[in-house]
Structures are given as structure tokens and as C-alpha cells.
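Chain by chain, the residues run as shown.
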Amino acid sequence: MSRSPVFGSPLFLGFDHLEQMLDRVQKSSDGYPPYNIEQIAADRLRITLAVAGFAMDDLQITQEDNQLVIRGRQKEDAEDRIFLHRGIAGRQFQRAFVIAEGIEIEGAWLDNGLLHVELRRPQPEVRVRTIQINGKTRPLVDGQA
């Protein structure tokens, strides 16, 4: 597994899971279906996938840990249809997006062959914590004496 210089830096501690997530997403992206990501407000995003030919029952959206996973699988066509040319892709797909902690998936809708997924990114709270500096003794860690 190749390691990017950012995650290999000794200044980033405990980010191994991010590298694993990025590797998983990279493996699952083959370019189909095409998609857009729009910022529709300061705290809102919209992902739009082109899913022509897919019905609502053919699509599934799940959140798996910090991944938004969209899957599509069309039902088999009636056997009595004979295609002289079939240029509309109807293959199954899985598209995964890594989402930051705190992002909320607000909903999804299908409109004219486009699947829209709305996300809200709440403004992060500023957290400041003062760490007490002890004398020569090491601080106790739970379960250690």
C-alpha cells in the first residue's frame, strides 16, 4: 500500500483509518455513474448522480461509518424485448463517498433520471482545552498505577 506524504508525516497521529477509507473509495470508483457535487449553501452540499433507467426500487443509499454508499441494480428486463442496439448502460454500480464526521444526510430524491442526495455540514464548534502540566510525576492513565 502506497503511503501519501501527508499521512506519513510524524505530525499526523492516529489518521491511519483515513488512509484506509481513501483506499477503499479509490478502489470502488470506476467512473460510472457520472456525478456532480455542488455547494448549494455555506453549510449544504448536493450530490447528483446520473442514473437513467433506474427506478427508485433499483437504488439503495446507506451510510456505512464515514462513507455514503449508493448502489444501483436494475431488475432483469422482460425476456420478450429484443434490442437492436443497447447504448443505455444498465449495469449495477456502487459509488462511495467519504464524508466527514458530523455531516448529516438530509434526504434523497429521484427526478428525471438524476438521483439527488442532500447533505448538511454543521459549522464546527471551536474547542479549546487547557492541559495541566504536572511536576516530575507522570500522569495516571486509567487502569495503570
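Residues numbered from 1 in each chain as written. Predicted model: local features only at pLDDT ≥ 70, side-chain atom pairs only at ≥ 80, totals over all residues. Heavy atoms only, no water.

## Comments concerning the pairing of strand 7 (residues 114–120)
Each regular strand carries side chains that alternate between the two faces of the sheet. Within strand 7, 5 of the 7 residues are buried, which leaves the element mostly enclosed by the surrounding structure. When strand 6 (residues 104–111) meets strand 7, the two strands line up antiparallel, connected through 7 bridges. Across the sheet, I105 pairs through a bridge with L119, a residue of strand 7. (Buried < 20%, exposed > 50% of the residue type's maximum accessible area, 1.4 Å probe, protein only. Helix = DSSP H or I, 4+ residues; strand = E, 2+ residues; numbered from the N terminus. Pairing = 2+ DSSP bridges.)

## Here we look at the environment of G90
Among the structural elements, G90 can be located in the loop between strand 4 (67–72) and strand 5 (93–98). The spacing of G90 and R73 is 17 residues in sequence and 7.9 Å in space, taken between C-alpha atoms. Other than its neighbours up to four places away in sequence, G90 contacts Y32, F54 and Q74. (Contact = heavy atoms within 4.5 Å.)

## Some words on the nonpolar core
Residues L68, I70 and F93 are the most contacted members of the largest nonpolar core, which totals 16 residues. Broken down by secondary-structure element, the contributors of at least two residues to this core are strand 2 (44–50), strand 4, strand 5 and strand 7. Excluding its chain neighbours within four sequence positions, the residues that come into contact with L68 are I47, I61, T62, R95, A96, F97, I99, I105, V117 and L119. (Core = buried A, V, L, I, M, F, W, Y, C linked by side-chain atoms within 4.5 Å.)

## Focus on the sheet that holds strand 4
A sheet is described by the order of its strands in space; here 3 strands give the open sequence 3-4-5, paired in antiparallel fashion. Taken across any chain shown, the strands that pair with only one partner, and hence form the sheet edges, are strand 3 (59–64) and strand 5. Between one strand and the next, the sheet's axes are offset by a mean angle of 15°, whatever the strand orientation. (Axes fitted to C-alpha atoms, helices over the stretch in contact; angles between N-to-C directions.)

## Comments concerning the pattern of salt bridges
Under the criterion given, the structure shown has 7 salt bridges. Residue R46 is joined to E118 by a salt bridge in which the shortest nitrogen-to-oxygen separation is 2.7 Å. Here R46 is found in strand 2, whereas its partner E118 is found in strand 7, with 72 residues between them in sequence. Relative accessible area serves as the criterion here: at 9%, E118 is assigned to the buried category. Residue E106 pairs with R120 through a salt bridge whose shortest N-O separation is 3.3 Å. With E106 in strand 6 and R120 in strand 7, this pair connects stretches of sequence that are 14 residues apart. Since its relative accessible area comes to 39%, E106 is described here as partly exposed. (Salt bridge = Lys/Arg side-chain N within 4 Å of Asp/Glu carboxyl O.)

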